[in-house]
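Architecture and fold: a report
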Amino acid sequence: MENDSKYFFARILFFSDSILNCVPCNKQFRSQQALEQHIQVGHRCELCNKSFQSIHSKRQHTRSAKNHSMENHRPVVKAAPPQMPVQDCQEGNDQPPELGIGTNGDNLNLTYTGVPRAAVTPVFKIACRLRFMKPDVNMLLRRIDTQLDTMVISALIEAALRLLPPDNSPNGRAEAEERMRQKRERALIQETSFIDRMRDLGYQFRTEREQKELRLSPTPDIRFLEPVSVNGHSCYWIEYKNYFGFKANPFITSKNKKQFRKYVSGLGPGAVVYKLGYEIEHIAMIGVETFREAEFLNNLEQESRLRK
């Protein structure tokens, strides 16, 4: 007689072209042994290590404020101390100034080369684990010790929430559409402000809309009429991103890389400007330089003054 796990296994298993699915969590396996092992291990709560036989039970447990109000459900994870590159300290001052990593208010005289991955990954992992609880910045800060700026943490939470299963109910779809509308509106406002600032500095270029009207291709946010030098890098185009750039960003980084390759192939080298900064070497592509908006505009302002 088969044991209980075999009966449970039989209840949730179906076959589709030799692919075996765990129906509750929709995870796929290529062998019966792998699926059975997955079922025996169960669905584990990352916060308290408790196992459940279905993803539904786990979600109910995770959403329960009672279950997750105890201290043993709130582990504090120590993020690796980030090593931020800064200029040499002034004589007589052995300590560099304290910075919230990723803030737009950083001293622009300090060199910004991105945020170390060791500082980003632990925060993003916690955000992913808590995504069913719809966490905010304060919730994450109660669980992890990090020097990341709150706006960067908020961006990591937003990225983690994209991993939630879609709500296909009428209300769920309507809410998702409204969130996307608001997100596009905010991005357009920031992009327009950035473009206006570039025009004020006297740079000549065509916007994405102007390029499309002329049926040019490809169409980055900015296509310079003449290449512009930024920090010694020649740029023929600029793509503006109203968020924090990092390698593990779900569905975004791979899409962006494909986009940037098209720009480099069609136009030459260029730059990506992130509103909130970026993770070190998350792009690492020949012909593409990455900048944070604050430093990028500050550099161009200095270049503009030198031209006058």
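Below you will find a few notes about this structure. All values reported here derive from a predicted model rather than from experimental measurement.

Rules used in this analysis
- Residues numbered from 1 in each chain as written.
- Predicted model: local features only at pLDDT ≥ 70, side-chain atom pairs only at ≥ 80, totals over all residues.
- Heavy atoms only, no water.
- Pairing = 2+ DSSP bridges.
- Helix = DSSP H or I, 4+ residues; strand = E, 2+ residues; numbered from the N terminus.
- Right-handed = clockwise from strand over helix to strand, strands pointing away.
- Salt bridge = Lys/Arg side-chain N within 4 Å of Asp/Glu carboxyl O.
- Buried < 20%, exposed > 50% of the residue type's maximum accessible area, 1.4 Å probe, protein only.
- Phe/Tyr/Trp six-rings, centres within 6.5 Å; stacked < 30°, edge-to-face > 60°.
- Lys NZ or Arg CZ within 6 Å of the ring centre and 35° of its normal.
- Expected span 1.5 Å × (residues − 1).
- Axes fitted to C-alpha atoms, helices over the stretch in contact; angles between N-to-C directions.
- Contact = heavy atoms within 4.5 Å.
- Lys, Arg positive; Asp, Glu negative; His and termini not counted.
- Core = buried A, V, L, I, M, F, W, Y, C linked by side-chain atoms within 4.5 Å.
- Polar contact = N/O pair within 3.5 Å; in protein donor to acceptor, adjacent residues only side chain to side chain.

On to the pairing of strand β10 (residues 233-241), then. Pairing of strand β9 (residues 222-230) with β10 involves five bridges; the strand directions are antiparallel. Bridge pairing in β10 places V228 opposite C235. The hairpin formed by β9 and β10 contains two residues between the paired strands, and N231 there has a positive phi angle of roughly 55 degrees. Sheet topology places β10 next to strand β11 (residues 270-274); four bridges connect them, and they run parallel. From the neighbouring strand, Y240 faces β11, where its bridge partner is V273. Note on the crossover from β10 through helix α9 (residues 253-267) to β11: the handedness is right-handed.

Within the structure shown, the criterion is met by 11 salt bridges. With its nearest N and O atoms 2.0 Å apart, the salt bridge here joins R197 to E301. Taken together, the residues R197 in helix α7 (residues 170-200) and E301 in helix α10 (residues 293-307) connect sequence positions 104 residues apart. In this structure R197 comes out as partly exposed when scored by relative accessible area, which is 34%. Of the charged contacts, one joins E239 and K241 as a salt bridge, the two residues approaching to 3.5 Å between their closest N and O atoms. Each member of the pair, E239 as well as K241, is classed as buried. Connected through salt bridges with shared partners, the residues E178, R181 and E185 form a single ionic network.

Per the stated rule, a full pass over the model turns up 12 aromatic pairs. With 6.2 Å between their ring centres and 85 degrees between their planes, F205 and F224 make a pair best called edge-to-face. Residue F205 is found in strand β8 (residues 205-207), and its partner F224 is found in strand β9; the two are separated by 19 residues along the sequence. Classification of F205 as buried rests on a relative accessible area of 5%. For the pair Y243 and Y274, a centre-to-centre distance of 6.0 Å together with 55 degrees between the ring planes defines the contact as tilted. With Y243 in the loop between β10 and α9 and Y274 in strand β11, this residue pair connects regions lying 31 residues apart in the sequence. Aromatic ring contacts, followed pair by pair, group Y112, Y243, Y274 and Y278 into a single cluster. Over the face of the ring belonging to Y112 we find R292, whose NZ or CZ atom lies 3.8 Å from the ring centre.

Given a rise of 1.5 Å per residue, 13 residues ought to cover 18 Å, and the 18 Å separating the end C-alpha atoms of helix α4 (residues 117-129) matches this to within 8%. A119, V120, P122, V123, F124, I126, A127 and C128 are the residues of α4 that are buried.

Attention now goes to the sheet that holds strand β12 (residues 288-292). An order of β8-β9-β10-β11-β12 is seen for the five strands of this open sheet, with the pairing classed as mixed. Every other strand in the sheet has two partners, leaving β8 and β12 as the edge strands with one partner each. Averaged over all adjacent pairs, the angle separating strand axes in this sheet is 45 degrees, with direction ignored. Running at roughly 145 degrees to β10, α9 makes contact with β9, β10, β11 and β12 of the sheet.

On to the side chain of K257. If you trace the backbone, K257 turns up in helix α9. Summary of buried charges: K257 has no salt-bridge partner, and the nearest side chain of opposite charge, E279, is 9.0 Å away. Ignoring any residue separated from it by four or fewer positions in sequence, one finds K257 in contact with H282, I283 and M285.

What follows is about the nonpolar core. Among the nonpolar cores identified, the biggest contains 35 residues, and L140, L148, L156, F244 and F260 are the most heavily contacted of them. Secondary structure elements with two or more residues in this core: α4, α5 (137-141), α6 (150-161), α9 and β11. The contact partners of L140, leaving out residues within four places of it in the chain, are V123, I126, A127, L130, P135, I153 and I157. F205, V230, V273 and L297 belong to the second-largest nonpolar core, a separate cluster that totals 19 residues.

With that settled, the discussion passes to the side chain of E293. If you trace the backbone, E293 turns up in helix α10. E293 sits in the buried class, given a relative accessible area of 10%. At 3.1 Å, the side chain of E293 forms a polar contact with the side chain of Y240. What E293 contacts, discounting residues up to four positions off in sequence, is F194, Y240, V273, Y274 and K275.

All right, on to the environment of P220 then. Along the polypeptide, P220 turns up in the loop between α8 (208-213) and β9. The contact partners of P220, leaving out residues within four places of it in the chain, are T207, E208, Q211, W237, I238, E239, Y263 and L267.

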